[in-house]
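# Structure at a glance
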Amino acid sequence: MPAYITVNFTPTDKEKLQQYIAAVPATLARYSGEFLVRGIFETLSGNTDYEMQAILAFPTREQATDWYHSPDYQALIPLRDAGMRSLFQLISR
């Protein structure tokens, strides 16, 4: 079953965020992950203080969690945290 990682985020350092965004795709390939969409969203109901959202897709929940915990992706977390404030969530059946 497909799995999705949603990322709600607000940029805090645009240069570091761009470096992070450029580096992520290489970490996704091994886990058959892909960006579905990334951009500004419209809140239709409820409240959030994040400005943007990204959605990543994986063939399975295991591939999604393996990607997130992989050494390659974990190495990017300091850059990620310097470039944005974020919330990552995993969705699958």
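Everything that follows concerns the structure shown earlier in this document.
This report concerns the structure included in the present document. (Residues numbered from 1 in each chain as written. Predicted model: local features only at pLDDT ≥ 70, side-chain atom pairs only at ≥ 80, totals over all residues. Heavy atoms only, no water.)

Evaluated as defined, the whole model comprises two salt bridges. Residues arginine 85 and aspartate 49 are paired through a salt bridge, measuring 3.7 Å at the closest nitrogen-oxygen approach. Here aspartate 49 lies in the loop between strand S2 (34-40) and strand S3 (52-58) and arginine 85 lies in strand S4 (residues 84-92), a separation of 36 residues in the sequence. On the accessibility criterion, aspartate 49 (53% relative accessible area) is exposed. (Salt bridge = Lys/Arg side-chain N within 4 Å of Asp/Glu carboxyl O. Helix = DSSP H or I, 4+ residues; strand = E, 2+ residues; numbered from the N terminus. Buried < 20%, exposed > 50% of the residue type's maximum accessible area, 1.4 Å probe, protein only.)

Turning our eyes to something else, we now look at the sheet that holds S3. Strand order in the open sheet formed by four strands is S2-S3-S1-S4, with antiparallel pairing between adjacent strands. Either end of the sheet is taken by a strand with one partner, and the two such strands are S2 and S4. Looking at each pair of strands side by side, their axes are set apart by 15° on average, direction ignored. Where strand S1 (residues 3-11) lies against S4, nine bridges are found, and the strand directions are antiparallel. Paired with isoleucine 5 across the bridge in S4 is leucine 90. Against the sheet, helix H1 (residues 14-28) makes contact with S1, S2, S3 and S4, and its axis sits at roughly 160° relative to S2, the strand it touches most. (Pairing = 2+ DSSP bridges. Axes fitted to C-alpha atoms, helices over the stretch in contact; angles between N-to-C directions. Contact = heavy atoms within 4.5 Å.)

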